[in-house]
Amino acid sequence: MREEGKTKWQPYLTLNWWHTGVSSNISFNELPLGSMYPSNRYEVKIGANAQFSKRWTGWTNVSGRGARRASTTTRCVWA
């Protein structure tokens, strides 16, 4: 973690690859609808974790897996 003042920051990058050789088909009233998932799926995520104090932490990230998604979360520990 890198310290700037009292806040500790830790950036991260995540790369995921899911591969399957099994087809996952679905049918409705005996009418096939095709494969539910491709045989190769990828995800890229970039973000940062932060520790603001002993009780307060937070993290944010942006990910892409066909559709882009972003999230930010803050947590307080009451112990």
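Parameters at a glance
- Residues numbered from 1 in each chain as written.
- Predicted model: local features only at pLDDT ≥ 70, side-chain atom pairs only at ≥ 80, totals over all residues.
- Heavy atoms only, no water.
- Helix = DSSP H or I, 4+ residues; strand = E, 2+ residues; numbered from the N terminus.
- Buried < 20%, exposed > 50% of the residue type's maximum accessible area, 1.4 Å probe, protein only.
- Contact = heavy atoms within 4.5 Å.
- Areas by Shrake-Rupley, 256 points an atom, 1.4 Å probe, with all protein chains shown as cover.
- Polar contact = N/O pair within 3.5 Å; in protein donor to acceptor, adjacent residues only side chain to side chain.
- pLDDT = per-residue confidence, 0-100.
- Pairing = 2+ DSSP bridges.

- The name an unreviewed UniProt entry assigns to the protein is Autotransporter domain-containing protein, from the organism Cupriavidus metallidurans.

1. Quick word on the overall build of the protein
Part 1 of the reasoning: The helix and strand inventory of the protein stands at 0 helices and 7 strands.
Part 2 of the reasoning: A total of 79 residues make up the protein; the buried ones form 13% of that total.
Part 3 of the reasoning: Considering only contacts within the protein whose residues lie at least 6 apart along the sequence, 34% involve residues at least 24 apart.
Part 4 of the reasoning: Carbon and sulfur atoms make up 57% of the accessible area of the protein, which amounts to about 6800 Å² in all.

2. Focus on the side chain of Asn61
Part 1 of the reasoning: Within the secondary structure, Asn61 sits in strand S6 (residues 56-64).
Part 2 of the reasoning: Since its relative accessible area comes to 9%, Asn61 is described here as buried.
Part 3 of the reasoning: A distance of 3.4 Å separates the side chain of Asn61 from the side chain of Tyr12, its partner in a polar contact.

3. A word on the confidence of the model for the protein
Part 1 of the reasoning: With 78% of its residues at a pLDDT of 70 or more, the protein has an overall mean of 78.
Part 2 of the reasoning: Within the protein, the lowest mean pLDDT, 52, falls on strand S1 (residues 2-4), and the highest, 90, falls on strand S2 (residues 7-19).

4. Notes on the environment of Val44
Part 1 of the reasoning: Here Val44 is to be found in strand S5 (residues 40-51).
Part 2 of the reasoning: Classification of Val44 as partly exposed rests on a relative accessible area of 43%.
Part 3 of the reasoning: For the pair Val44 and Asn16, spaced 28 residues apart in sequence, the C-alpha to C-alpha distance is 6.5 Å.
Part 4 of the reasoning: Beyond its immediate sequence surroundings of up to four residues, Val44 is in contact with Leu13, Thr14, Leu15, Val62, Ser63 and Gly64.

5. Points about the pairing of S5
A regular strand places its side chains so that they alternate between the two faces of the sheet.
Part 1 of the reasoning: Two strands pair when backbone bridges link them, and S2 and S5 are joined in this way by 12 bridges, in the antiparallel orientation. Within S5, the position partnered with Pro11 by the bridge is Ala48.
Part 2 of the reasoning: Looking at chain direction, S5 and S6 are connected through 8 bridges and run antiparallel. Opposite Lys45, over in S6, you have Ser63 as the bridge partner.

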